[in-house]
Amino acid sequence: MTKEKAPAKQKAPAKQKAPAKQKAAPRKKAPPPSVPKLLGVLESQKQLGGASYPPTIARLAELTGDKPAVIVKALITDEAKARVLLSRDAEGSKKPAPGTTLVLLAADLEAVAQSDRLLELQLQSARKPDAPAVDLAQLPKGLLPALGRALKAALEQRIAERRLPRTVGVVTGKKPLFFFLADAVLPDAGAPALPAASAAAAGIDAAQRPTAPAGARPTAPAGARPTAPASPASADTAPTGAPSNGAPAPIATAVAPFAAGAPAPFAARFDAAFSALDRASGGLNYVTLRALRAALPDVPRAVFDAELAALRRQRRYSLDPSDGRHHQMADAERDAGILEAGNLLVYVARRHDA
């Protein structure tokens, strides 16, 4: 008998190599905004006036939907330099802070140097908690040389004319010292201490702004309309726990004194609430309507809106919408907004061109 051959073993199929992973294509960086686009945004903000112009780098980035670094890159091109200026040098080793660097049209350098906006921004940047008063010579520091010189000259003229923002005071002398009234206004001897943030609500007005050395009672400039003194109710209702040295109180207590006794006028309460909230958020002059409504909980919405409309007609405040690209609004923020001409206005800014 012949032996049957065993069937040949079949070879296992060769393992297929896994396809090589394809390298992900590098993401293309979005090109910086064109100079004509930036000029258009600046022109539109200039037409709005007040706190809208000149915007900071951070605000301009929010308006265009770009990052601040991208905005700066576009503004230091030769094409942009011929038309647009940054208040601080953007090409040195130290990059300018987006929240404290203004973007302005080159033709507006002198006007911006004389504006309340630049003075307040420089004072906010230069002041320190333990040294809130700033020497005139220190205020132009960090600015472009031409803008710094124009600011110094403008401030010397404003001192001579006794013309300063409602929020700022000055001690005159060889070295004038500028300070925020909220930092330095003290009550009369024997009166209860007021939180610094609510000082504006105690009847402080531009005509009563102190421009004399400490201890001297400020007087109104010639021709200025006298301002009514603070009512006893608004001055005597400061919380017993308020600091005696004029240090800023928490926001909740800064507006609380108005809730007891005879209520202060809405404008004074609104000014105090705005100042406290703005200071707490970095002094960018942008406060949400939601936060302001919460700071004045006893004011009905209809009354709040009507009184705010009056302040806007007086050119004391402006309202702005949010484009939603850099800050996703919560429902509560939308509900607190005011709808006008199809725009939901949710931010409040203090105007400086009244």
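In case you missed it, the structure is sitting above this.
Described below are features of the structure shown in this document.

Okay, the packing of helix H2 (residues 57-64) against helix H3 (residues 68-75) next. Relative orientation of the contacting elements H2 and H3 amounts to 100 degrees, with a least axis distance of 9 Å. By the angle between their directions, the pair H2 and H3 is classed as roughly perpendicular. Along the contact surface, H2 presents Ile57, Leu60, Ala61 and Thr64, while H3 presents Pro68, Ile71 and Val72. In terms of residue class, the contact of H2 with H3 is made up of six nonpolar, one polar and no charged.

The next point concerns the environment of Asp305. Looking at where Asp305 falls in the secondary structure, it is placed in helix H13 (residues 301-313). Residue classification places Asp305 among the partly exposed residues on the basis of a relative accessible area of 23%. Each C-alpha atom, one on Asp305 and one on Arg293, is 9.8 Å from the other, the two residues being twelve residues apart in sequence. Excluding residues within four positions of it along the chain, Asp305 makes contact with Arg293 and Ile338.

This paragraph deals with the pairing of strand S5 (residues 177-180). Of the strand pairs in this sheet, strand S3 (residues 134-135) and S5 are connected by two bridges, and their pairing is antiparallel. If you follow Asp135 over to S5, its bridge partner there is Leu177. Note that strand S4 (residues 168-171) and S5 share four bridges and pair antiparallel. Along S5, the bridge assignment pairs Gly169 with Phe179. The turn linking S4 back onto S5 is made up of five residues, and Gly173 within it adopts a positive phi angle of 150 degrees.

With six of its eight residues buried, H2 lies for the most part within the structure. Looking at the buried residues of H2, the elements they touch are helix H1 (35-48), H3, strand S1 (84-86), strand S2 (103-105), strand S7 (317-321) and strand S9 (343-350). In the segment just after H2, Gly65 is the residue with positive phi, at about 80 degrees.

Here we come to the side chain of Asp108. Looking at the element boundaries, Asp108 is found in the loop between S2 and helix H5 (109-113). Engagement of the side chain of Asp108 in a polar contact is seen with the side chain of Lys46, the distance being 3.0 Å. Polar contacts involving the side chain of Asp108 include one to the side chain of Tyr53, which spans 2.6 Å.

As a further point, take the packing of H1 against H2. Close contact between H1 and H2 brings their axes to 11 Å; oriented N to C, the two are set at 110 degrees. Considering their axes alone, H1 and H2 lie roughly perpendicular with respect to each other. Contacts between H1 and H2 pair Lys37, Leu38, Val41, Leu42 and Gln45 from the former with Leu60, Leu63 and Thr64 from the latter.

So, on to the nonpolar core. Note on soluble globular proteins: their nonpolar side chains tend to be buried together. Ranked by internal contacts, the top residues of the largest apolar core, which has 42 residues, are Val103 and Phe178. Core analysis: the second largest hydrophobic core is formed by 19 residues, Phe270, Leu277, Leu296 and Val299 among them.

Take the side chain of Ser87 next. Note on placement: Ser87 falls in the loop between S1 and S2. On the basis of relative accessible area, Ser87 is assigned to the buried category, the value being 1%. Here Leu102 takes part through its backbone nitrogen, which lies 2.8 Å from a polar atom of the side chain of Ser87. In this view, Ser87 contacts Thr100, Thr101, Leu102, Leu104, Gly142, Leu143, Leu144 and Leu147; residues no more than four positions away in its chain are not counted.

Before going further, it helps to spend a moment on the pattern of salt bridges. Once their charged atoms are close, side chains differing in charge can pair, the charge on each being opposite to the other. Using the criterion set out here, one finds 13 salt bridges in the structure. The salt bridge partner of Lys46 is Asp108, with a shortest N-O separation of 3.0 Å. Of this pair, Lys46 sits in helix H1 while Asp108 sits in the loop between S2 and H5, and the two are 62 residues apart along the sequence. Salt bridges sharing partners connect three or more residues here, namely Arg127, Asp183 and Arg279.

Right, let's talk about helix H7 (residues 145-160) for a bit. Taking 1.5 Å of rise per residue, the 16 residues of H7 would be expected to cover 22 Å, and the 23 Å separating its terminal C-alpha atoms lies within 8% of that figure. Taken together, the buried positions of H7 are Leu147, Gly148, Ala150, Leu151, Ala154, Leu155, Arg158 and Ile159. All buried residues of H7 project into a common sector of 170 degrees when viewed along the axis, lining one side. Structural note: H7 exposes Pro145, Arg149 and Ala160 on the side pointing more than 90 degrees away from its buried face. One or two positions beyond H7, positive phi appears at Arg162, with a value near 50 degrees.

Conventions adopted
- Residues numbered from 1 in each chain as written.
- Predicted model: local features only at pLDDT ≥ 70, side-chain atom pairs only at ≥ 80, totals over all residues.
- Heavy atoms only, no water.
- Axes fitted to C-alpha atoms, helices over the stretch in contact; angles between N-to-C directions.
- Helix = DSSP H or I, 4+ residues; strand = E, 2+ residues; numbered from the N terminus.
- Parallel < 35°, antiparallel > 145°, perpendicular 65-115°, else oblique.
- Contact = heavy atoms within 4.5 Å.
- Nonpolar A, V, L, I, M, F, W, Y, C, P; charged D, E, K, R; others polar.
- Buried < 20%, exposed > 50% of the residue type's maximum accessible area, 1.4 Å probe, protein only.
- Pairing = 2+ DSSP bridges.
- Polar contact = N/O pair within 3.5 Å; in protein donor to acceptor, adjacent residues only side chain to side chain.
- Core = buried A, V, L, I, M, F, W, Y, C linked by side-chain atoms within 4.5 Å.
- Salt bridge = Lys/Arg side-chain N within 4 Å of Asp/Glu carboxyl O.
- Expected span 1.5 Å × (residues − 1).
- Arc of directions from axis to C-beta.

Bear in mind that shape data such as this cannot, by itself, settle questions of function.
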